[in-house]
Amino acid sequence: MVIDGHGVAKLKRGRLFEITVTPGPHTVQMTIDWCSSPVVHVDLDVGCDVTLTCGPSSVPSREVMFGGRGATAKYISLELDAE
């Protein structure tokens, strides 16, 4: 897990991870090997909780492997959960 460009955690399949960050705007991205998720932008108010869910992308792996520039950023799905 990368928050604001800094690696903050290594997550395992099926596990939950909780981290506290300062209020304000942040970027979140998941990475594995040379692939990643798209960047998710969140803007947190004081006392606000945000939940993100990651998993395999619905983009076919062949498209990711041979899709050219930017395709590796579609390998992992990272979504902001609606509250």
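A. A look at the overall build of the protein chain. Scanning the protein chain from terminus to terminus reveals one helix and eight strands. Ordering the α and β elements of the protein chain from the N terminus gives β-β-β-β-β-β-β-α-β. Of the accessible surface of the protein chain, which amounts to about 6500 Å², a share of 53% is contributed by carbon and sulfur atoms.

B. Spotlight on the environment of Cys48. Checked against the element boundaries, Cys48 lands in the loop between β6 (40–44) and β7 (52–56). Considered as a pair, Cys48 and Pro23 are 25 residues apart in the sequence and their alpha carbons are 8.1 Å apart.

C. Spatial organisation of unusual backbone geometry. The backbone phi angle of Asp4 is positive, close to 55°, even though this residue is not glycine. Within the fold, Asp4 resides in the loop between β1 (2–3) and β2 (6–7). Judged by relative accessible area, Asp4 falls into the partly exposed class, the value being 35%.

D. Main features of a nonpolar patch on the surface. Together, Val8, Leu11, Phe17, Ile19 and Val21 line one region of the surface with nonpolar side chains, adding up to about 350 Å² of accessible area. Examined against the element boundaries, Phe17 turns out to sit in the loop between β2 and β3 (24–29).

E. Inspection of the sheet that holds β1 at higher detail. Ordered in space as β2-β1-β3-β6, the four strands form an open sheet in which the pairing is antiparallel. Looking along the sheet, the strands with just one partner apiece sit at the ends: β2 and β6. Two elements, β1 and β2, share two bridges in a ladder whose sense is antiparallel. Bridged to Ile3 within β2 is His6.

F. Quick peek at the layout of surface pockets. The volume enclosed by the largest pocket comes to roughly 1300 Å³. Around the largest pocket sit 40 residues that line it, and Met1, Leu11, Met30, Leu52 and Cys54 are the ones nearest its centre. When contributions to the lining of the largest pocket are tallied by element, the ones reaching two or more residues are β3, β4 (31–32), β6, β7 and β8 (76–80). No other element matches the five residues that β7 contributes to the lining of the largest pocket. For the lining of the largest pocket, a count of residues per class yields 23 nonpolar, ten polar and seven charged.

G. Fine view of the nonpolar core. One finds Met1, Ile3, Ala9, Val28, Met30, Val40, Val42, Ile76 and Leu78 forming the largest nonpolar core, which totals nine residues. Those elements giving two or more residues to this core turn out to be β6 and β8. When neighbours within four sequence positions are excluded, Ile3 is seen to be in contact with Val8, Ile19, Val21, His26, Thr27 and Val28.

Conventions and cut-offs
- Residues numbered from 1 in each chain as written.
- Predicted model: local features only at pLDDT ≥ 70, side-chain atom pairs only at ≥ 80, totals over all residues.
- Heavy atoms only, no water.
- Helix = DSSP H or I, 4+ residues; strand = E, 2+ residues; numbered from the N terminus.
- Areas by Shrake-Rupley, 256 points an atom, 1.4 Å probe, with all protein chains shown as cover.
- Buried < 20%, exposed > 50% of the residue type's maximum accessible area, 1.4 Å probe, protein only.
- Patch = residues over 30% accessible without salt bridge, like charges linked within 9 Å, V, L, I, M, F, W, Y side chains within 5 Å.
- Salt bridge = Lys/Arg side-chain N within 4 Å of Asp/Glu carboxyl O.
- Pairing = 2+ DSSP bridges.
- 1 Å grid on protein atoms, 1.4 Å probe; cavity = no way out; pocket = protein on both sides within 12 Å on 5 of 7 lines; lining within 4 Å.
- Points joined across faces, edges and corners; volume = space filled by probe spheres on them.
- Nonpolar A, V, L, I, M, F, W, Y, C, P; charged D, E, K, R; others polar.
- Core = buried A, V, L, I, M, F, W, Y, C linked by side-chain atoms within 4.5 Å.
- Contact = heavy atoms within 4.5 Å.

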